[in-house]
Amino acid sequence: AWNPVDCWLKFRRVTLLDPLKHYWKYDSATLASGIDVFLVYLGEGGELNDGPQSLRDDFTSLRKKSGVCLISVSKQVKHLLVPWLDQLSERVKELLSLSSLLSSVRMHLFEFLSTVATAVDDPMRRSNFIADVLSNALNVLESPSIREAIGSTDGLLSLMGVTQVANNPSLATNEEFVKQTTSNFD
């Protein structure tokens, strides 16, 4: 098995694994290892203290590509991933706990699990699974700071930085203000 160390070779590996989704429909012997590669690479680059902004561009690209490919593969072979739903859910929860995870990658993970969940035949199991996956996201949405922000139009506009920029247009290009505002969505 090819297991490159260089980030750009890992990127190439992900690119080469993506078209295997058509092969895996007929022979799923290596599907689990392919999904594992995508999930491992989604967390690649290490846990960084400064959050996702401190990731090198090459690791950011690797993570995004891995997320896109994970979704692409899951849409083709979702029925084959259902037996591993519990393990996949645990792996995704581990990844979601990383502070250096990009918002786009978080969305890729939710879309991946949602896609696989659509292949679950038992409606009660599907419902419980979706509730379990979304529980952390719902806790964030129900936090007092978010409730306050979305409780009014002014609060929402302030959370997004619109109010501040309307009062002081130079804030739109102020690096510190932009970082502070975008951190509201990580």
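Residues numbered from 1 in each chain as written. Predicted model: local features only at pLDDT ≥ 70, side-chain atom pairs only at ≥ 80, totals over all residues. Heavy atoms only, no water.

(A) Local environment of the side chain of Asp 58. With respect to the helices, strands and loops of the structure, Asp 58 is situated in helix α4 (residues 57–81). For Asp 58, a relative accessible area of 13% translates into the label buried. Excluding anything up to four places from it in sequence, Asp 58 contacts Cys 7 and Trp 8. (Helix = DSSP H or I, 4+ residues; strand = E, 2+ residues; numbered from the N terminus. Buried < 20%, exposed > 50% of the residue type's maximum accessible area, 1.4 Å probe, protein only. Contact = heavy atoms within 4.5 Å.)

(B) Examining the packing of helix α3 (residues 31–42) against α4 more closely. It is the contact of α3 with α4, at a shortest axis distance of 9 Å, that shows an interaxial angle of 150 degrees. Considered as vectors, α3 and α4 are oriented roughly antiparallel to each other. Between α3 and α4 lies a crossing of left-handed hand. Taken together, the residues of α4 that come into contact with α3 (itself represented by Leu 31, Ile 35, Phe 38, Leu 39, Tyr 41 and Leu 42) are Leu 62, Arg 63, Ser 66, Gly 67, Cys 69, Leu 70, Val 73, Val 77, Leu 80 and Leu 81. Counted by class, the contact of α3 with α4 contains 13 nonpolar, 2 polar and 1 charged residues. (Axes fitted to C-alpha atoms, helices over the stretch in contact; angles between N-to-C directions. Parallel < 35°, antiparallel > 145°, perpendicular 65-115°, else oblique. Left-handed = near helix turned anticlockwise from the far one by under 90°. Nonpolar A, V, L, I, M, F, W, Y, C, P; charged D, E, K, R; others polar.)

(C) Here's a closer look at the side chain of Lys 21. Relative to the elements of secondary structure, Lys 21 occurs in helix α2 (residues 20–24). Discounting residues that sit within four places of it in the chain, Lys 21 has contacts with Ser 72, Val 73, Gln 76 and Val 77.

(D) Structural detail: a nonpolar patch on the surface. There is a patch of nonpolar side chains on the surface, built from Ile 150, Leu 156, Met 160 and Val 162 and spanning about 330 Å² of accessible area. Inspection of the secondary structure assignment puts Met 160 in the loop between α9 (153–159) and α10 (162–167). (Patch = residues over 30% accessible without salt bridge, like charges linked within 9 Å, V, L, I, M, F, W, Y side chains within 5 Å. Areas by Shrake-Rupley, 256 points an atom, 1.4 Å probe, with all protein chains shown as cover. Salt bridge = Lys/Arg side-chain N within 4 Å of Asp/Glu carboxyl O.)

(E) Expanded view of the packing of helix α5 (residues 85–96) against helix α6 (residues 103–117). With their axes 11 Å apart at the nearest point, α5 and α6 run at an angle of 170 degrees to one another. Accordingly, the angle class assigned to the pair α5 and α6 is roughly antiparallel. Where α5 abuts α6, its residues Leu 85, Leu 88, Ser 89, Val 92, Leu 95 and Leu 96 lie against Arg 106, Leu 109, Phe 110, Phe 112, Leu 113 and Val 116. The residue inventory of the contact of α5 with α6, partitioned by class, reads 10 nonpolar, 1 polar and 1 charged.

(F) Quick peek at the pattern of salt bridges. Counting across every chain of the model gives 5 salt bridges. Residue Arg 91 is joined to Asp 36 by a salt bridge in which the shortest nitrogen-to-oxygen separation is 2.5 Å. On the criterion of sequence distance, the pair formed by Arg 91 in helix α5 and Asp 36 in helix α3 is long-range, its members being 55 residues apart. Notably, a salt bridge pairs Lys 75 with Glu 111, separated by 3.1 Å at the nearest N-O pair. Of this pair, Lys 75 sits in helix α4 while Glu 111 sits in helix α6, and the two are 36 residues apart along the sequence.

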